Structures are given as structure tokens and as C-alpha cells.
Protein chains: 2
Amino acid sequence: MKKCNIYGLTAIAFGLGMSAMVNSASAKTLDEVMKERGLTQKDVLAAAKTYIPTGGRDEFIALSSGGQSGQVFVYGIPSMRILKYIAVFTPEPWQGYGFDDESKAVLKKGSDINDTTITYGDTHHPAFSETKGEYDGEYAFINDKANPRIAVIDMKDFETKQIVKNPIMSSEHGGPFVSPNTDYIIQAAQYPAPLDRKHYPLSQFNEKFRGAVTYWKFDRKKGRIDEAASFSLELPPYSQDLSDFGKGPSDGWSLTNSFCTERYVGGIMKGRPPFEAGCSQKDTDFVHMINWKKAAEVAKAGKTTKINGHNVIMMDTAIKEGILFLIPEPKSPHGVDISPDGKFFIVAGKLDTHASVYSFAKVFDLIKKKDFAGKDAYGIPILDLKKSLHGQLSVGLGPLHTQYDSKKCIVYTSIYVDSQVTKWDYCNLKVLDKIHIHYNIGHLVTMEGDSVTPKGKYLVALNKLTIDRFNPVGPLHPQNHQLIDISGDKMQLLYDMAVPLGEPHYVVAISADKLKPKVRYKLGTNSRTDKRSEFRTRPGREKIVRKDGLVHVYGTVIRSHITPEIIEVEEGETVSLHLTNVERAEDETHGFAIYGHNVNLSIEPGKTASATFKVPNSGVFPYYCTEFCSALHLEMQGIMMVRPKGTKLENAALKEGTKYTKTDYDKQIKNNVATQGVINSVVKFITERNFKDFPTVVGLVTDATDQLNFAAESKKKSENFAAKGDWQNATLWAQQWFQYQVKTADMGLRAKTYLEQNGAKKVK
Amino acid sequence: MKKCNIYGLTAIAFGLGMSAMVNSASAKTLDEVMKERGLTQKDVLAAAKTYIPTGGRDEFIALSSGGQSGQVFVYGIPSMRILKYIAVFTPEPWQGYGFDDESKAVLKKGSDINDTTITYGDTHHPAFSETKGEYDGEYAFINDKANPRIAVIDMKDFETKQIVKNPIMSSEHGGPFVSPNTDYIIQAAQYPAPLDRKHYPLSQFNEKFRGAVTYWKFDRKKGRIDEAASFSLELPPYSQDLSDFGKGPSDGWSLTNSFCTERYVGGIMKGRPPFEAGCSQKDTDFVHMINWKKAAEVAKAGKTTKINGHNVIMMDTAIKEGILFLIPEPKSPHGVDISPDGKFFIVAGKLDTHASVYSFAKVFDLIKKKDFAGKDAYGIPILDLKKSLHGQLSVGLGPLHTQYDSKKCIVYTSIYVDSQVTKWDYCNLKVLDKIHIHYNIGHLVTMEGDSVTPKGKYLVALNKLTIDRFNPVGPLHPQNHQLIDISGDKMQLLYDMAVPLGEPHYVVAISADKLKPKVRYKLGTNSRTDKRSEFRTRPGREKIVRKDGLVHVYGTVIRSHITPEIIEVEEGETVSLHLTNVERAEDETHGFAIYGHNVNLSIEPGKTASATFKVPNSGVFPYYCTEFCSALHLEMQGIMMVRPKGTKLENAALKEGTKYTKTDYDKQIKNNVATQGVINSVVKFITERNFKDFPTVVGLVTDATDQLNFAAESKKKSENFAAKGDWQNATLWAQQWFQYQVKTADMGLRAKTYLEQNGAKKVK
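Think of each chain on its own: its residues are numbered from 1, step by step along the sequence as written. Lettering of chains starts at A and numbering of ligands starts at 1, both following the order in which they are written. Per-residue local features are limited, in this predicted model, to residues with pLDDT of at least 70; the limit for side-chain atom pairs, both in listing and counting, is 80 or more; totals at the level of whole chains, interfaces and linings are taken over all residues.

1. Some thoughts on the overall build of chain A
No. 1: Comment: elements are numbered from the N terminus, with helices defined as DSSP H or I runs of at least four residues and strands as E runs of at least two. Across its full length, chain A carries 14 helices and 46 strands.
No. 2: The principal-axis extents of the C-alpha atoms in chain A amount to approximately 100 × 75 × 50 Å.

Encoded structure:
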């Protein structure tokens, strides 16, 4: 066997000799690749418009509903690379979501419904927080259609911080939408049901079933929804749908459209035609137009009825106070989308070929003049459709949603049956362009397209269940988000992106530079409350304490060990484990899993995560770090020893599997001294360059310095044992000293490579 | 208001007039795009090598472990688009996995461990089934490190079919690996623990703690693991690690390497050096070399000890029977990778700079001659390292895993500390090329690289927690799979792919043409057993039956209604809902969610899915289809009416929300007749073309014909009611007739567009 040269001088040779090899050119030309792969010039152009070289950044960040996965996901535009799934309504182990005590508390508050624990969500419409109608990149919100809820996600760490349950709805769809300063968040009901959640027979549908819209108050300082300050409006038993907040001249108003204003109740097995027939019979449904600023005052003044402890403005109050109006709209619409200047809104009835542009000026004028066309069955004033319209335009078969361009008057409407996107001018009512998309388009999104200043450039078409765009993966197909270039006069299809999990319903996209996520937490943070955890620990202060019937384990994790490494408990005890990640390096997330107890944590640098669990049986339960964190990751392990009930802790000494002598010690020391030589040469390389000009390198050097300090501590221990002639401990601590040297070298070599690749200069 | 022209003749105009618009060229040239986006020629070349135009297919399909997400995911190479997350160990609502009764049964069998329900997994090594050492694309397998399990995934529908729990291990890592004909699947233990799962104090570590390797018998006909025919080998309390099966000359043998053969037990809080030090002290660890064919015979002959009901060949038997040998290997290795011809295997100790190439010929010769260097503490013969080696080569700092190229003698080794991939010649022991990857590489994969015929072309480097390659998304970073072109002499980096969920540990990649997934199930299939469901139903046979204390609901789903639409039960009853998707269209998956009962199903065409749930409270609970399935998706709804306990079913008639007259009926009929005109013109267009040459169109036409037949049924009902002067029902059934026309038109227009875009020809 050759000598195992452990990080010897050859390291330096490799480190320095590589650049020439790496930069070697590929043998094939672009023409050859195009020919081989059957690409057209148009394809190459599209490829060049979407490709991002290693280390590059996307221009926009899309936040997409994860549909029935109950999650939200994040992708870059134009690369269409999915960057993260954020756990929201469904427990997700990678993030420890629904596994650590901290996130369980968030979920529990939002998941106990009807004496049942809900473990999924049907997410629909993500929304970014806004300031003066502009996306500000601070928070995001997402709804659950199945079990009406709204979740708050903090864009500083992309974590779910709060889930609120709607107190009166049993179904919803049209939310969340935020007011221009994120004072309120709309959630609109979908299928009517009694607001008091009692049982009334279907014969009382018209009297007892109701729709509703909830205005959730958002407390920007706390970054949480204030449930007590939120209120709802009782609405007729129509199926309310999407909503939007006014802005500019229409600020203070919100719109919520609807379908099935026929108030039809199906019953196929009773011989009745299905819902789909009865809910599509009338030519028009209604946009609900609500003066929410006035409604907030009315709610504040106490003119509400408490339903399930929640403040509800009843219909008669809303009518009396002049808060609520109806405007007819072509039947069964999807979107109601207000223009960036707040002067118009566009609705398209999906069973019509037209998009209808409504003028707020006309609508306000009608309301001011009390020029109503009639009332609905519940007494709500109805405006005249013709008098409210700016105009209508035939845009295609099955128009659904509309998004705005940065260019004035330009909009894009998704066309379901024709499988197209239509670009049109809503001021002058003129179709400008159409592009085929691949089947079953629902929503579409332009960059910041529902804010006061849309950014144009790109459009994403959200197509469903794409049967033949990708390699087949069984009967359940991925979705297809198609990226379209809208910078020119004609739309150009750039990219087909498969969505591998869930059926995304809607996406919002923000300029990437508006997001400023943090890279680590302040040491000992409970990331769900954003406060210091009462269970945080520092290295050297780890302890196991029995208190109030719990075995509290205050531990730490760091490359490459978990402290404590041995946890001894008795069968039947309940353990409350608290682990703090004491790393300063930003990519040093550690995980924690233990056999047989459903304990699984993700602990990012600075985070404290807890798991409280009962120990049902005696036995031996290994635990380990689940996140590949360093070369010695596999050795980051421990054992929970569970004694049978009533037995005593054993005091017998461990029998060493391998014994070490002075020869072993000397060999290890020799190796460590050689390794220190390598480290010194790397340190020399770095400090002789302008490394302080590179923040990434400064981070690596900080981390390397930490590791070197740890190495010094182990060196000291080793020397102390050597002085006493305890070669077993002297050798093992010398090995630990070496392990810290390896981590130092790892960081040091990364820093050196970075400097080489990024043109660092020699300094004195 | 303009007349709502519902799918009138303008449809045809749009349908025909679009192609000119769509094909318009973009304004920008490639040079302009390169300049604007800062792309080099090398970047454009890489973009051209990875970009797949709309509808194109990837050449290889990667199956990746989903790490701590507990799932497996699928992506295409070279596009690096993630196509699907397959739910395995963690409940996942989009797929209904862990929500429907059928998948719950799979999960339950695999998740009850230590009187605890495990709801996550830490997946590590996916493996494809093999025939004669070649990937055959039939099945895939994946392990859970945290709670030792193996799952079977059927590549026909990409669904998890079985999870087996390891009966003796409390930790594992090295599995699954399959034998050349998938007779057996290896699962190797990781952290030692007593095999009988009893508690023994740590002072008895050497005597009572054990490692092991399990050989799971795979029944290819059933597509399931045969637990009773599986067996294990007891191994010393080393930390066993990765494994591989021999092939060709080494067929019949398997290898399992190890670390911590020091048998060190840590205990930081007791003043002991951590595991990482004690487990890295010796210069070498051991490869376990096992004659598994002989072991299978020994097990069959009953020379085993039953532990927890499972057949285990104890160490002394294994030694006596000549089944088990140890070969030293540089300490703390990751991979043990056998060459395609079965003549060599490569191990790299991660704390060494060398890769070691072992010769099976030499090893077999030593075994034959009983030329042993010694025995370990448990009496297992140890071969001499030097005598077993073909040779060693210094490949870089922290070498981990090795994968094989299609070119003879060429391999690629991942280099952790240097953050590189080294290409080298293992026959002639020569470094050929190195490429920098972006940090923390663990595994790497070449196309079919661990089969007998690697396909070369591409390599994927699996890098962990990539801090600066993508837009930041908070303290928990995505992983980075880097695609490298290995077709030329020099490796070329092509693409950085973000992994948004879980930390993938290993990937296997198969030629895409080997996978033949189905697009729909035979009507009424339980997809988890692959058998016809006893709960399947056909349209018109839906029923609600109370039996054995359950309310069985036998229902169907189809565009755009759920039958039954009303389910009436009493508080406290238990409902067992069975829904069959009766669609023939392949993209017509329907979902099902109901408020407040944690019921959530995904029902692909042909599938029968069930949900059994208790109804805890009275009230009104809307349900709906969760998968956007047609224009009338939102109207695909129903209501579960839960009466208070002891109350009677109400017989009062429904009060219609809207009344219809003969005028409404006549208007609807006029509309339907006009729509039929559109349909006829589309039918004419299609049938005048060679549509039968296009399978996609044949599928669409089949579906459209189904819809048109449904339309005829509704038409008849409408006419019957009209004859009786019942204008309410006549109008609503006429509307339903129209709804089927819309679905027909939807399919017809898709077919027409497809024919136009794919150069169909006119025929007589």
C-alpha cells in the first residue's frame, strides 16, 4: 500500500495546477450542436434568453402556489429553475416543518378544524405585500381553498410564520389579495354555507346559506395578521370568486366577482341536473363592489354581528351604509383585474368570447347618482352593465385572467379553450397579438403585473396537466409553466418548465433585487416567532435536566458532532430536545433524526429547534445529522440509550474497541504538524491577496478562523493527556485537533479557489 | 352590452388565422441577446447543449433521492427540468399519498415503528431494477436511513407500491443496490445497535451491538419484495456503509464497506473525544466481501438464527461456511464501486488523497489459497491490502465516489475538499482531467454508470447547500446538481440546477427510451395493489349504502361533476367514500377535497380512490374537484350535509334560486343548435384530414366522441321535460347538453390545432 498522504503537499500542486485544464474549450461548435440536437436558430435564441451561467442570478423571482401540495414554491425567471418549496399547510420534513415544536405551534393554530387535524392545503393565490401599491418584498400570503385559511410567509427567511383559520367560511377561493399598503388582506368565500357552521337543510338554502368576504388586518410591525381587528361582510349565497383591491382613484374599494348567482343546488342522484348546468344558466353573474375603507369604519363602530366570535357586517347594514353594490358581469368569470392606474377593471366570462373593460369613473358616477338598474333578491343595489362598461372586445374562446404590461393600455388574457394568450389594448379595444400555449391555461402572470408599476418583459402561462410536453411520468402529469417574452411587439415562447409537485393555481413575480433574505439567524433564534428561544444553548453549556416531568436536553450541533453524543433516559419518559446550531458559516445547516421516534429537525445556522417526544420502549436508538455538512458528516452521530422502566443507570466503563499507544500518538502529531504546514501556506496565499474585497472569502476566513480556534482547544487537551502519559486520550484528542484542521483547510481551500477564480490581486 | 357570442363562428376565424402571428420572428439577434445578458460563446454553447424546445424530450431520466423530504424525484437530462416528485415515505397530498385508503395501506405497513407512526424518511440511494446487469426500467427502489426501510416504486405509474421495514437494523445507509437480475436487494446497516432491539448498556458494545447486511428477495412477477424469503448476515459492530453487487466474474459476490472499525463510542459530555475523532483514528477500515449466492443457499438450508422473526446468518456460521471476508481499505471511505466488467472495484478513503483499485482476480486468488493476513476481533479472515490491489492513484483531497464512463477504463471521482471531479484511467492509473464544481460534492452520477454498459455523455455532480449559485432564498439553501458534458476529452460544465426540496444523496440515470409508463389505468383500478378495486363504480351505478357501520359512497368523477352531488349523513357516522374516475382522456385527473375532514384525493383516469373518515360534527361541508379539469372546473362541486345526531332526513323540496320559462328554454336551444354548427365544422376539418396518423388526435377524437354521446343523453332528457312543459328542467338539461358540447368543442379545437401545427394532409 502506498503511504496514505493525508492532505500533504500534493494538495497545493492540485490547487494551483487546475486552471489551465478547466478552461479548455469544447470540441464542438454551435452549428454542430444545433445539427446534432435538431435546434433551430429560434431555439438557440430562446435558449440564450433563458440560460443563466453558473453563479448568475435571475432577474425576477416567482412565488407560485403549490396547489394541492399545500406548499408554495419559488422559481427564477428567466431560468425557470425552482429554487425552493416552502412548507405552508402540509408537514414537510426537509424543513422540519410540522416536526419541530416551533413549526408545530404554527401549524397547530391553523390545522385544528372541525375536531380534525388538517394535514394538507389546496393553495391558490400567492400575494406579495405592497407599499403604496408596489411590491416591497417583505411578506407573502397564501390561501387554502379546501379549509379556508391564510398563511403569512416572511421573505427574510422564506418561512411560514402564521396560519389563520377563517372563522365563518366553509370554502373559499378568492384570496389573498392585499390593499395598496397591506393594511388588509381579502379572503372571499366560494361555495355558500351557513356562516354559523350549523346544519340547515337544503330547503333553507336561500335563507340560511351565505357567501362572505373577510378583510384580514395585517400588523406590519409584528409581521402577523391581527385576527381580533379583522372583519367580514355577509354576502348572498352566490359563489364568490376572485377579488382585487382598488388603487389610485379606486383606492378604498375592492371587487369580488362570482358565479352561480342562480343559487342552484344540484343533486344528480335525485334526478336533478348537475351543478355545472344550473350554475351556468344565466347570462350574467355579479361583481361585488365593496367600499372597504368605509366598511372598516362601520366595523370599528361596532355595527357588526358576532358570528363564531368574529365581527361580521350583515347585508342589511352593508346596504344601509352604502358599502355594497353589484355590477353584472358575463357569466362564470375567473379574474377581476384592476388596471395599474386604478381607473379600469377587466372581467372575462369564461363562457363568453369577450373581455369586458369597466370604467371606475362611470361606476362611481352611477353610485353617486344612485342610478341603479335594480336590486338582487337580498336588496343589494345593482348597477347597469352597459352604463358601467368602457367597452368589450372579443379575445378568444374561454377567456379567464388578465395581466398588465409595463406598456400603457397593454394587457394579456389567458384563453382556455383556444389554448392561447391574447395581447390586446384595453384602452382602444384592439387585439394586438396571439400566441398558442400548450393546453389548459388557467392563470397567467406578468412581472409585478398586478401592482401599480408592472415591469413587463416576461409572461408566464400556467398550463395544467401537460400530457405531451415532457417525458412521460405516469398517469399523473406535471404542469407546464411556459415562459413568454413580451418585450417586443410579438410574443415569443421561450421555455417550457415542468412543475413536479402540485397543480399551481397562480403565481406572482417580483424583481429579484427587492428581496433581501438573511443568510443566518442570530444565535439561538426560534425562527417561527423571530425571538430568541428560551431553549438556546452555547457550546460548553450543554446539559440534560429533568424538570416538570420532561427530560430537557439542551444541546448544540456543529461540524461534525452533536452534543450530547449519548442521551440516557428511561422507558416511558418524555424527552424535550433543544438543539442550537452554533455555526457561523452560512451553508452549515445540520439535520437531526433519531430512529423510531418520528423526530426530524432542520437546524440552520443560529437556529434553535426543539422536539418533544415520548419514549415508548426501551432499546438503543441511534441518532445522526441528516444534512451532508462536512467530510466527517457520517461520523456526526449519537445514541439515545433507553433503559427498561425501573432499571438503574449503569456505571461500568466503556471497553475501548481500539487501544492507542505512544507510537500512534507520535504518528498523529507528525501528521498534524504537516497539515499545519499546508494550512499556513494557504493562509499565506490568502493574506497576501486583497481577500477583504470579497465578502464570500471574508465569510470563509471567519469560519476557518473559528475552526482553527477549536483545533487549538483540542491540541491543548491532547497535550495535557500526553503529559500524563494517557496515550488513548492524547491520541484521540490529537485526531480531533486534526479534524478541526481538515475543516480549516476545507474553508481555506475554498477561499483560495474563489480568489483565484475571481481575479484577486497580490497586496503587500 | 354586446351579445355574448358563445363559441360562435368567430371561433373558426381565430382558429385558422393564428399561424402567421405565432411564427413571427423576434426582433433581437443572438449577438444582441448575448451582449445584453453578458453571455460568452461558451455559455451559448452550454445553453444549446441543454435547451429543449417545447414538446422535445430529454435523452436520460434521472431518479434522485429526495433526501430528508422522504420522497424521490425525477428529472430530465440534459434539460435538468424536474418532472415529478414521487411520494414515498412522507404523506403528500397532491398525489393523495397517505390520504386515500389505498396508499395509507402501503404507508401503514411501513410506518409503524417502535409504537410510533413515522411520517418522514431520509432517502439516500435510488436504484433501478436490472436484467443481466442492464437497467430495464421496470422498478425502482429507495431506502430510508433514519428508520431502516426499503420502498418499491413501479416505473409504469411512478407510484410507491410497497415499503418494507428492516426487522433487525436501527440505522442503515448502504442500500438499495440490486443484483444483476434483481433477485436480491442489499440493505446495509450503519450505526451498530443490538439486532434484537433490546437495551444493553454501552459497556457491552463490543459483545451486544452489531452491524448487518440484509438481502431482500425481490419477486419480479409480483413486483414486490418477498419478506419471508429475505435474509440477513450478522456483522461486527462497525459502521457498514455503501455496497455494490458483483457482475460478470464477480457475480455472486457483494461488497459492503465500512467506517469506525475502531468500534469507538463517543460521549463529549463525559469528557470523551467525539465520535468524529474516535471513528477516524485507524489508517484503514474494512470492505466486507460476501458470497451472497452461497449465503442464500445457507439461509435456505436453515442455518440461520431467527431474530425478530427474521432469518439471520450469524457471524460464526458465515465464517465457517466461507461466506464472509474482510479487505482493508483507506479509512472512512464513501463509495465501493464495481467496474462494468466486474473485474475491479474502486474505493476512496475520504481522508486520503488516493483512490484504490482492487482486483477481483487477485482477491479471489487469495481466498482460494486461504492466504489471509489475519482475523478481526470476531474471527473474520482479513485479506492483505497490498496483495488485493491493482493499484492506487492520487486523485485529490477528499475523494468520495466513483462512476464509470462508456469508454473503457475511464472513471470519474468526486473530490470533496478540492471541490472537483477527477477524470482518470483506472487501468493505467493516470489522471486525465479535473473540473471545478461548486462546493461540497457528495455523490456523482454518469448515465447508467453503475450498470454493465454505462452510457457516458453526461455526468451530474451532486453538490450540497449551494450558498452563492442562485438567487438567495433564506438560510436553508437549495442543493446544486451540476451537469457536466463528458463526451469529449475535457469535461465541460453545462448547467447548474437548483434542487428545491430535500438534500438529494444519490441519483441514478436511465436512457429515457427504456421507460414505458402508462397514461391511464384500467377502469376501477386500485393503483397500489394494481388490482381492480372492489369499490369501483360505473356511471349510472352510483349509490350510497350503509353496511357494517359504514356509509359507503360509491361515486364517479367526470368533467365537470361529482356523483353524488349531495351526501346526507348523520353526525358521528363513518363515511367510506369511493370515487372512480371514469374519464378516458389521459390528462383528466380529478381531485377531491371536503371541508373539515382531512379528506383529499387525486384520482387519475381509471383509478378508484377511497377515503374513510368519521364525521365528528353536524353542519354543511362543501366538497369540490381540486384539479383544474375543464372550463367548468369551479362548478364541479357538492355538499355533504351532516344532520345532528338523532334528527331525521328532511323531505322538503328545494326552492329554486332562479326560475326558467319557455323563453329561456328556446334561447338555450337556439344557442345549442348554433354550437352544434361549430362542432360540425370542426368535425369536418378533422375528418377531411389524415387524423388517424396522429395518436394524440385519435385520443382527443375518442374523448370528444364520448362527450358528444353524453350531450345526446342530456338532449334527450331536455326534450322529454320540454314535452311535459317542465321548462325548469328542460332548460337546465339543455344547459347540460350545452356543457357537453363545450367539452366536445374543447377537444375538437385541440385536435384541429394539433393537425394544423403538425402538417396533417387533406384526404378524401
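2. Quick look at the domain arrangement of chain A
No. 1: Note that domain bounds follow an automatic or database assignment of domains. For chain A, the assigned domains read domain 1 (60-514), domain 2 (525-643) and domain 3 (661-757).
No. 2: Each of domain 1 of chain A and domain 3 of chain A was reduced to a C-alpha centroid, and the two centroids are 56 Å apart.

3. Observations regarding the interface of chain B and chain A
No. 1: The contact rule is simple: place each C-beta atom from the backbone, and if two of them lie within 7 Å, those residues are in contact. In this complex, chain B contributes 218 residues to the contact, which on the side of chain A involves 220 residues.
No. 2: If you tally residues by element for the side of chain B that touches chain A, the top one is helix 14 (residues 727-757) of chain B, at eleven residues.
No. 3: Polar here means any residue other than Ala, Val, Leu, Ile, Met, Phe, Trp, Tyr, Cys and Pro, which are nonpolar, and Asp, Glu, Lys and Arg, which are charged; Gly is therefore polar. Residues that form the side of chain B that touches chain A fall into these classes: 103 nonpolar, 69 polar and 46 charged.

4. Considering the relation of the copies chain B and chain A
No. 1: Least-squares superposition aligns the copies on the C-alpha atoms of those residues with pLDDT at or above 70 in both. The two copies are related by a screw operation: chain B maps onto chain A through 180° of rotation and 0.0 Å of translation along the axis, at an RMSD of 0.0 Å. Expressed as an axis order, the relation between the two copies is that of a two-fold axis. Ranked by how close their C-alpha atoms come to the rotation axis, the residues of chain B are headed by Ala47(B), at 2.8 Å.
No. 2: When the interface residues of chain B are mapped onto chain A, 100% of them again lie at the interface, so the same face is used by both copies.

5. Things to note about the nonpolar core
No. 1: Note on terminology: a nonpolar core is any set of buried Ala, Val, Leu, Ile, Met, Phe, Trp, Tyr and Cys residues joined through C-beta atoms within 7 Å. A residue is called partly exposed when the number of other C-beta atoms within 10 Å of its own lies between 12 and 20, exposed at 12 or fewer, and buried at 20 or more, with C-beta atoms placed from the backbone. Within the largest apolar cluster, 449 residues are counted, with the highest numbers of intra-cluster contacts made by Ile484(A) and Ile484(B).
No. 2: Sequence-distant contacts of Ile484(A), that is, excluding residues within four places in its chain, are made with Val421(A), Ile435(A), Tyr458(A), Leu459(A), Ala461(A), Met491(A), Gln492(A), Leu493(A) and Leu494(A).

6. Details of the environment of Val411(B)
All names here are of chain B.
No. 1: Relative to the helices and strands, Val411 resides in strand 27 (residues 410-415).
No. 2: Under the C-beta neighbour-count criterion, Val411 is labelled buried, with 26 such atoms within 10 Å.
No. 3: Put simply, Val411 and Ile346 are 65 residues apart on the chain and 9.6 Å apart in space, counted from C-alpha to C-alpha.
No. 4: Excluding residues that lie within four positions of it along the chain, Val411 makes contacts with Ile346, Thr402, Gln403, Tyr404, Asp405, Trp424 and Tyr426.

7. Considering the pairing of strand 11 (residues 184-189) of chain B
Residues and elements named next belong to chain B.
No. 1: The element strand 11 is extensively covered by neighbouring structure, given that six of its six residues are classed as buried.
No. 2: Burial of the side chains of strand 11 extends over both faces: Tyr184, Ile186 and Ala188 are buried on one face and Ile185, Gln187 and Ala189 on the other.
No. 3: Here a strand pair is declared whenever DSSP counts at least two bridges between the two strands. Inspection of the sheet shows strand 10 (residues 172-178) paired to strand 11 by four bridges, in the antiparallel sense. Across the sheet, residue Gly174 finds its bridge partner in strand 11, namely Ala188.
No. 4: What sits between the antiparallel neighbours strand 10 and strand 11 is a turn of five residues, in which Thr182 has the positive phi angle 60°.
No. 5: Summarising the sheet, strand 11 and strand 12 (residues 211-219) pair through five bridges and their orientation is antiparallel. Its bridge partner lying in strand 12, Ile186 is registered against Tyr215.

8. Focus on the sheet that holds strand 31 (residues 456-463) of chain B
Residues and elements named next belong to chain B.
No. 1: Taken together, the four strands give an open sheet; going across it, the order is 30-31-32-33, and neighbouring strands pair in antiparallel fashion. Among the strands making up the open sheet, the edge pair consists of strand 30 (441-447) and strand 33 (492-499). Neighbour-to-neighbour, the strand axes of the sheet open up by a mean angle of 20°, direction not taken into account.
No. 2: Bridging between strand 31 and strand 32 (residues 479-485) involves six bridges; their strand directions are antiparallel. Convention adopted: a line fitted to C-alpha atoms gives each axis, helices being fitted over their contacting stretch, and angles between N-to-C directions are expressed from 0 to 180 degrees.

9. Here's the deal with helix 14 (residues 727-757) of chain A
Residues and elements named next belong to chain A.
No. 1: Residue count minus one, scaled by 1.5 Å, sets the expected span of a helix. Compared with an ideal rise of 1.5 Å per residue, which puts 31 residues at 45 Å, helix 14 spans 44 Å between its outermost C-alpha atoms and is within 8% of the ideal.
No. 2: The buried fraction of helix 14 is high, at 25 of 31 residues.
No. 3: Directly beyond the C-terminal end of helix 14, a positive phi value near 65° is found at Gly759.

10. Quick word on the confidence of the model for chain A
Residue and element names in this part refer to chain A.
No. 1: One confidence number per residue, pLDDT, is output by the predictor and ranges from 0 to 100. Taken over all residues, the pLDDT of chain A has a mean of 94, while the share at 70 or more is 96%.
No. 2: When the criterion is pLDDT under 50, residues 1-26 qualifies, and its contacts beyond four places in sequence or with other chains add up to 44 contacts.
No. 3: Of the two predicted TM-score estimates for the complex, the pTM is 0.95 and the ipTM is 0.94.

11. Describing the sheet that holds strand 9 (residues 159-165) of chain A
Pairing between sheet strands relies on hydrogen bonds along the backbone, with the strands arranged either parallel or antiparallel.
All names here are of chain A.
No. 1: A sheet is described by the order of its strands in space; here four strands give the open sequence 6-7-8-9, paired in antiparallel fashion. Of all strands in the sheet, those bounded by a partner on one side alone are strand 6 (127-131) and strand 9. Across the sheet, the axes of successive neighbouring strands diverge by a mean angle of 30°, strand direction being ignored.
No. 2: Summarising the sheet, strand 6 and strand 7 (residues 134-144) pair through four bridges and their orientation is antiparallel.

12. Examining helix 8 (residues 292-300) of chain A
All names here are of chain A.
No. 1: Buried within helix 8 we find Trp292, Ala295, Ala296, Val298 and Ala299. Axial view of helix 8: buried residues confined to an arc of 160°, hence all on one face.
No. 2: Gly302 occupies a position one or two residues after helix 8 and carries a positive phi of about 80°. Each direction from the helix axis to a C-beta atom contributes to the arc, which is the arc of those directions.

13. Some thoughts on the packing of helix 4 (residues 41-50) of chain A against helix 4 (residues 41-50) of chain B
How two helices sit against one another is set out by the angle between their axes and by the gap between those axes.
No. 1: Closest axis-to-axis distance for the helix 4 of chain A/helix 4 of chain B pair is 9 Å, and the angle between their directions is 115°. Here helix 4 of chain B runs roughly perpendicular to helix 4 of chain A, going by the angle between their axes. The chirality of how helix 4 of chain A crosses helix 4 of chain B is right-handed. Residues Val44(A), Ala47(A) and Ala48(A) of helix 4 of chain A form the contact with helix 4 of chain B, whose participating residues are Val44(B), Ala47(B) and Ala48(B).
No. 2: A breakdown of the residues in the contact of helix 4 of chain A with helix 4 of chain B according to their chemical character gives six nonpolar, no polar and no charged. Under this scheme an angle from 65 to 115 degrees is roughly perpendicular, one under 35 degrees roughly parallel, and one over 145 degrees roughly antiparallel; angles in between are oblique. Crossing chirality is assigned from the near helix's rotation relative to the far helix, an anticlockwise turn below a right angle marking it left-handed and a clockwise turn marking it right-handed.

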